Amino acid sequence: MLRLIVLRVLAAVPVMLIVAVIVFSLLRLSPGDPAAIIAGDTATPEAIAAIRSEMGLDQPLLVQFASWIGGVVTGDLGQSVLSRLPVTTLIFDRLEATLMLALSAIVLTVIVAVPLGAFAALRHNTLTDRLVMAFSVAGFSMPAFVVGYILMLLFAVQWQLLPVQGYVSVFDDPLTGLRHLVLPSITLALVFMALITRVTRSSLLEVLGQDFVRTARAKGNPAGRILWRHALPNSAVPIITVIGLGIAMLISGVVVTESVFNIPGIGRLTIDAILARDYPVVQGLMLFFAMIYVGINLLIDIAYLLIDPRIRY
Amino acid sequence: MNMNRRQALIMSASAMLMAATGRSAYAQTETGDAVIRFAPHAALRVLDPVATPAYITRNHSYLVYDTLYSLDSSFTPQPQMIGSHEVTDDGLEWTFILRDGLAFHDGAPVTAADVVPSITRWWQKDVVGLRLKEVTETLEAVDDKTFMFRLKEPFGAMIEAMARPSSRPLFVMPKRIADLDPSTMLEEVVGSGPYKFLADEFRPGASWAYARNEDYIPRDEPADGLAGGKVPRAARIEVIWFPSPDTAISALINNELDIIESVSPDGRSRFEGTDVKLVARASPTASTVRFNWSQAPFDDVRMRRAVQLVVSQIDYMDIVVGDPSAYETCPAYFGCGTPLETDAGYVEGSLDNVEEARALVAEAGYDGTPITIITPGDIASFSALAPMTQQVLEAIGIPSKIETMEWSAFLERRTRTTLPSEGGWNLAHAVFDLIDLISPLGNPNFDARGLDGYTGFVDDPETEALKSRYQAASTDDERFAIVEEMQERAYDQVFYIPLGTYAQYTALRPELSDFENAPIHVVYGLDKA
């Protein structure tokens, strides 16, 4: 396993470098620049040019890239051109909110979606199965912002049961923190619930039709034991893959939910930095996301090894 | 008043204590422990008020820093950090004395040695400051509380420049910070204003907070616009930026917020049936059409006049705002309801003038090349302007295409002077807070320096000469006469076309008190029951 980890970490280096080059190039090719944002609405061309020069944006692209990547190698992701704060500080300040949101959404998803998918598989081709599938399609089709605003209007504004917005750390105030997480977690979880329900159902259906399940049934094992001890572990690989990638997608893709519920997380930081053309922050975030994907893929592979002894790398 | 010996002793002791601590009774008795939660119009990202004219940076700075002068509600400059000033009869020497009790947030007293570099850092970036710099021979600190300008020529607009609220007000900083090159963006926020910035709580683009400056000594006068006593009543101000206006409104209704700075006329309906108060902001929004003078066809004044003849403010306001109670037409280039309001030179546009406009277009020899209108797609106040202008142009036989982009790309594109086919533009819109327009020296629409000037690149040396006369004028009457000349010239040459002004609304929880509806949203005086 140690060999696997070392190999994966080494393989991540060229991936990160490619990400760095692509992100750097795309940002420089897109219209707009941070100097225009700083210079403001009443700026003259002269004022924008002066700011570009002060920021080093008039330097050749290769010089700018070399300067940035040199810092990255030494662990310095640079400084926001707008707020002057270190990029690492900005990212780590926002990480907790996004991680808590993503984790609560994924826990909620697993608790609801895996049993629901299993239930549908066991009642294959019945009305129950069709209802679960209908829920799954609806959940996948509803945009997060629609779900978010509906939940907000009902549970916060209308019935005043939960807060509308904001993030309170569960480490500072557990109860308030959890109350703030309920609506955004449900919003975020709905899409993944739909996905994981479907994957669980189809994966289980495949396993339930296999010989070892028939044998287990023939030996008189109860249905629950067959499901939990035999069928589910054998159908876990695709489910774990989807859950793992789901976590990565949640961390990098919570922009809409964070905006609707005004949660100051990584998603908001990303969109804000892109709109303001805050190059160092966007570049730092993209490297961070690439790292998350690499790390989660590694964890998924380790999970495969633990769950299915037949798998070897 | 009769007073016995004991009462006299108590009063004397109180006065001595007050003098010793440097605190006014006003400051001590008006403060509470409330926390105000405030949703601003934009996200704070840049902290240096000299580096950027962004409104949000300016508004943040009004909480943290103090100004030498400020405008009251009638747009008249009033002393703020200044105790008194003197000017010689020839208008060439100005001496200013700071008022007592000024101190920075780090405890150091504010001295003239801090004010001088604050001015010299500011005047390298601000358009009016640049004019003051050009006429200044020397600026020096005479003693701890006194500083003096010696000018090469009279500058009657001295106090106006120091009180100028937009877009780069003259804020006073400690010398060690103000000494930094204006090209170097400030990272440290230390002012002498009513609130202290809490750097540890700054989440750029998301939230930030302030704590009351317990040592702040407000002026004795009541708050009035941006002037008067800035009494920091609440213990803490938490500012939360909402990318979704709907979420902000829901949060206010749900009592998770105390105040929203800016609600559009459309947004008002969400508050029906709630106890939230709505107040029309003192500085309305002013939309404009801007031509690119550096490119055909709008390098020809006849083409600009043709458009001016058919642009009707009321038509635009009906489309952009809808509700007549929320907008007004305004012929005054320096704002309606301001001391410089005038209708001199006003040309009222209407579609009744289509034939006259078409004749002007023909006379200009316009070749029918479609013109390029650029517009930001992500800013609500711009959304209806470009389609409306396209219709107006079509009415007089000018075909056009609209190119939509996001805000930062729009800002950058609008400064280009190349042909539209090479990434330039012909027509764009600009939207201002009225407070931006009240100064003849600072109004960006009167920047007539051609390619070096504000977008549109108005090139009119006559206007620049009028501005020089304005800055030297010593009486209000003289200045007003020059303003009328400036406006007549602007209408004649069609610098831009004003499209009317409309209100944005501030939404407040009923528990809030002491709201000062200043042209710039200042929240330092707010308190909560």
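Residues numbered from 1 in each chain as written. Chains lettered and ligands numbered in written order. Predicted model: local features only at pLDDT ≥ 70, side-chain atom pairs only at ≥ 80, totals over all residues. Heavy atoms only, no water.

- For chain B, an unreviewed UniProt entry supplies the name Heme-binding protein A and the organism Pseudosulfitobacter pseudonitzschiae.

- Chain A carries the name Dipeptide transport system permease protein DppB in an unreviewed UniProt entry, which gives Pseudosulfitobacter pseudonitzschiae as its organism.
- UniProt's Subcellular location (unreviewed entry) comment on chain A is quoted here verbatim: "Cell membrane". (UniProt positions renumbered as here; feature names shortened; annotations may be inferred.)

## Quick look at the overall build of chain B
Then, in step 1: A count of helical and extended segments in chain B gives 15 helices and 21 strands.
Then, in step 2: Against the compact-globule benchmark of 24 Å for 529 residues, chain B has a radius of gyration of 25 Å, which places it among compact chains.
Then, in step 3: For the C-alpha atoms alone, the extent of chain B along its principal axes is close to 90 × 60 × 45 Å.
Then, in step 4: Out of the 529 residues belonging to chain B, those deemed buried represent 58%.
Then, in step 5: The contacts of chain B with a sequence gap of at least 6 include a subset with a gap of at least 24, amounting to 73%.
Then, in step 6: Only carbon and sulfur atoms are counted for the fraction: they give 50% of the accessible area of chain B, which is about 19900 Å².
Then, in step 7: Of the side-chain charges in chain B, 45 are positive and 78 negative, and the distance between the mean point of each set is 5 Å. (Helix = DSSP H or I, 4+ residues; strand = E, 2+ residues; numbered from the N terminus. Rg over C-alpha atoms; globule rule 2.2 N^0.38 Å. Buried < 20%, exposed > 50% of the residue type's maximum accessible area, 1.4 Å probe, protein only. Contact = heavy atoms within 4.5 Å. Areas by Shrake-Rupley, 256 points an atom, 1.4 Å probe, with all protein chains shown as cover. Lys, Arg positive; Asp, Glu negative; His and termini not counted. Charge placed at Lys NZ, Arg CZ, Asp CG, Glu CD.)

## Concerning a nonpolar patch on the surface
Then, in step 1: Among the surface-exposed residues, A:Met142, A:Ile150, A:Leu154, A:Trp159 and A:Leu161 lie close enough to one another that they form a single nonpolar patch of about 460 Å² accessible area.
Then, in step 2: One can find A:Ile150 in helix α7 (residues 144–158). (Patch = residues over 30% accessible without salt bridge, like charges linked within 9 Å, V, L, I, M, F, W, Y side chains within 5 Å. Salt bridge = Lys/Arg side-chain N within 4 Å of Asp/Glu carboxyl O.)

## Here we look at the pattern of salt bridges
Then, in step 1: The final tally for this structure, using the stated rule, is 43 salt bridges over all chains.
Then, in step 2: Taken together, the shared-partner salt bridges connect B:Arg37, B:Asp258 and B:Lys528 into one network.

## Quick word on the domain arrangement of chain B
All names here are of chain B.
Then, in step 1: Taken domain by domain, chain B consists of domain 1 (27–281 + 504–528) and domain 2 (285–502).
Then, in step 2: Relative to domain 2, the C-alpha centre of domain 1 lies at a distance of 30 Å.
Then, in step 3: Listed as interface residues are 26 residues of domain 1 and, on the opposing side, 26 residues of domain 2.
Then, in step 4: It is Phe75, Arg131 and Glu160 in domain 1 that bury the most area against domain 2; as a group they hold 29% of the surface buried on that side.
Then, in step 5: Scanning the region where domain 1 abuts domain 2 turns up three salt bridges.
Then, in step 6: Measuring nitrogen to oxygen at the nearest pair gives 3.1 Å for the salt bridge that ties Arg131 to Glu464. (Domains from an automatic or database assignment. Buried area = accessible area lost by both parts, 1.4 Å probe.)

## A short note on unusual backbone geometry
All names here are of chain B.
Then, in step 1: Going from Ser166 to Ser167, the amide bond is cis rather than trans, its omega being -5°.
Then, in step 2: Here Ser167 shows up in the loop between α6 (158–163) and α7 (175–178).
Then, in step 3: In this structure, the amide linkage connecting Ala296 to the following residue, Pro297, adopts the cis form with an omega of 5°.
Then, in step 4: The topology assignment puts Pro297 in the loop between β13 (285–291) and α9 (301–310).
Then, in step 5: Positive phi is not limited to glycine here, since Asn255 has a value of about 65°.
Then, in step 6: Within the fold, Asn255 resides in the loop between α8 (245–253) and β11 (259–263).
Then, in step 7: The phi dihedral of Val494 falls on the positive side, at around 55°, and the residue is not glycine.
Then, in step 8: One can find Val494 in the loop between α15 (476–493) and β18 (496–502).

## Side note on the UniProt feature "transmembrane region" (unreviewed entry) in chain A
Then, in step 1: As recorded in UniProt, the feature "transmembrane region" (unreviewed entry) lies at residues 7–27, 99–122, 134–157, 177–196, 235–256 and 285–307 of chain A.
Then, in step 2: This span, residues 177–196 of chain A, is 100% helix and 0% strand, and a straight line between its end C-alpha atoms measures 26 Å.

## Notes on the sheet that holds strand β8 (residues 195–197) of chain B
All names here are of chain B.
Then, in step 1: Strand order in the open sheet formed by seven strands is β8-β9-β10-β1-β11-β19-β12, and the pairing between neighbours is mixed. Bordering the open sheet on either side are β8 and β12 (277–280), each of which pairs with just one other strand. Across the sheet, the axes of successive neighbouring strands diverge by a mean angle of 25°, strand direction being ignored.
Then, in step 2: The pairing of strand β1 (residues 35–39) with β11 spans two bridges and is parallel. In the strand pairing of β11, Phe38 is matched with Ile259.
Then, in step 3: Its contacts with the sheet put α8 on β11 and β19 (505–508), and the angle it makes with β11 is roughly 145°. (Pairing = 2+ DSSP bridges. Axes fitted to C-alpha atoms, helices over the stretch in contact; angles between N-to-C directions.)

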